[in-house]
Amino acid sequence: QVQLVESGGGLVQAWGSLRLSCAASARTFSSYTVAWFRPAPGKEREFVAGISGSGIITSDLDSVKGRFTIARDNAKNTVYLQMNSLKPEDTAVYYCAADSGRPRVARTEGPYDYWGQGTQVTISS
């Protein structure tokens, strides 16, 4: 069983930055595809960004383009989400998810086998 632990959330002012971390317990985590999701009005969690085991990044959420960056450090079994120029509408619980079975990043929740508990991000105006 893989455990994912998110950290790095908090309360910051608009235009500030945060770096979220997703630390995993799996020895083979370097081969996992990992993504960040957050709740969205009227739907389930929306896909924010993802990174494959080979380092291919998928990040096509218009509202965060140019501000959020995903990266991984396989030596530390950790995936990061660097969030800059934060806006009040970025306020949410951010979840990381891992997929052990596919080499490509999926933009929906279904393929992800493991989920973290979430970390709260609150942006004040």
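Predicted model, so just to flag it, every value in this text is computed and none were measured.

Reading the values: the criteria
Here the residue index of a chain counts from 1 through its sequence in written order. The predicted origin of the model limits local features to residues at a pLDDT of at least 70 and limits the giving and counting of side-chain atom pairs to 80 or more, whereas totals for whole chains, interfaces and linings rest on all residues. For side-chain calculations, the full set of non-hydrogen atoms in the structure is used, while hydrogens and water are omitted. Criterion for a disulfide: a pair of cysteine sulfur atoms within 2.5 Å. By the criteria applied, helices consist of DSSP H or I runs no shorter than four residues and strands consist of E runs no shorter than two, each listed in order from the N terminus. For each residue, the accessible area found with a 1.4 Å probe, counting protein chains only, is set against the maximum for its type, and the residue is called buried under 20%, exposed over 50%, and partly exposed in between. Buried residues of nine kinds, namely Ala, Val, Leu, Ile, Met, Phe, Trp, Tyr and Cys, make up a nonpolar core once their side-chain atoms join them within 4.5 Å. Contacts: residue pairs with any heavy atoms within 4.5 Å of one another. Salt bridges are counted wherever a side-chain nitrogen of Lys or Arg sits within 4 Å of a carboxyl oxygen of Asp or Glu. Strand pairing is assigned whenever DSSP identifies at least 2 bridges connecting the two strands. Where helices are involved, their axes are fitted lines through C-alpha atoms of the stretch in contact, as for all axes, and angles between N-to-C directions lie from 0 to 180°.

### Here we look at the state of the cysteines
Right, so step 1: Tallied over the full model, the rule gives one disulfide.
Right, so step 2: A disulfide bridge connects C22 with C96, and the sulfur atoms are separated by 2.1 Å. Across the disulfide from C22 to C96, rotation about the S-S bond amounts to roughly 60°, and the bridge is consequently right-handed. You can see C22 sitting in strand β3 (residues 18–24) and its partner C96 sitting in strand β9 (residues 92–99), a full 74 residues away along the chain. The same class applies to C22 as to C96, namely buried.

### Here we look at the nonpolar core
Right, so step 1: Core analysis: the biggest nonpolar cluster contains 30 residues, and L4, F29, W36, V48, L81, M83 and Y94 have the highest contact counts within it.
Right, so step 2: Of all elements in the fold, only β3, β4 (33–40), β5 (43–51), β7 (68–73), β8 (78–83), β9 and β11 (119–124) reach the threshold of two or more residues within this core.
Right, so step 3: Excluding anything up to four places from it in sequence, Y94 contacts E6, L20, W36, F37, R38, V48, F68, L81, M83, G118, T119 and V121.
Right, so step 4: The next biggest cluster of nonpolar side chains, apart from the first, holds seven residues, and it includes A35, F47, A97 and A106.

### What to know about the environment of L18
Right, so step 1: Relative to the assigned elements, L18 resides in strand β3.
Right, so step 2: Among the residues examined, L18 registers a relative accessible area of 12% and is labelled buried.
Right, so step 3: Counting along the chain gives 38 residues from L18 to I56, while the straight-line C-alpha distance between them is 22 Å.
Right, so step 4: In this structure, L18 is in contact with G8, G10, V12, L81, Q82, M83, L86 and V121, ignoring residues within four places of it in sequence.

### Thoughts on the pattern of salt bridges
If charged atoms from side chains of opposite charge come close, those side chains can pair.
Right, so step 1: Under the definition given, this model contains seven salt bridges.
Right, so step 2: With a closest N to O distance of 3.8 Å, E109 and R45 form a salt bridge. Pair noted here: E109 is in the loop between β9 and β10 (114–115) and R45 is in strand β5, with a separation of 64 residues, a long-range link.
Right, so step 3: Between R102 and D99 there is a salt bridge; the shortest N-O distance is 3.7 Å.
Right, so step 4: Classification of R102 by relative accessible area gives partly exposed; the value is 43%.

### Here's the deal with the sheet that holds strand β1 (residues 4–7)
Right, so step 1: Strand order in the open sheet formed by four strands is β1-β3-β8-β7, with antiparallel pairing between adjacent strands. In this open sheet, the two strands that pair with only one neighbour each are β1 and β7. Averaged over all neighbouring strand pairs, the angle between strand axes comes to 15°, with direction disregarded.
Right, so step 2: Relative to β3, β1 is paired through four bridges, and the arrangement is antiparallel. If you follow E6 over to β3, its bridge partner there is C22.

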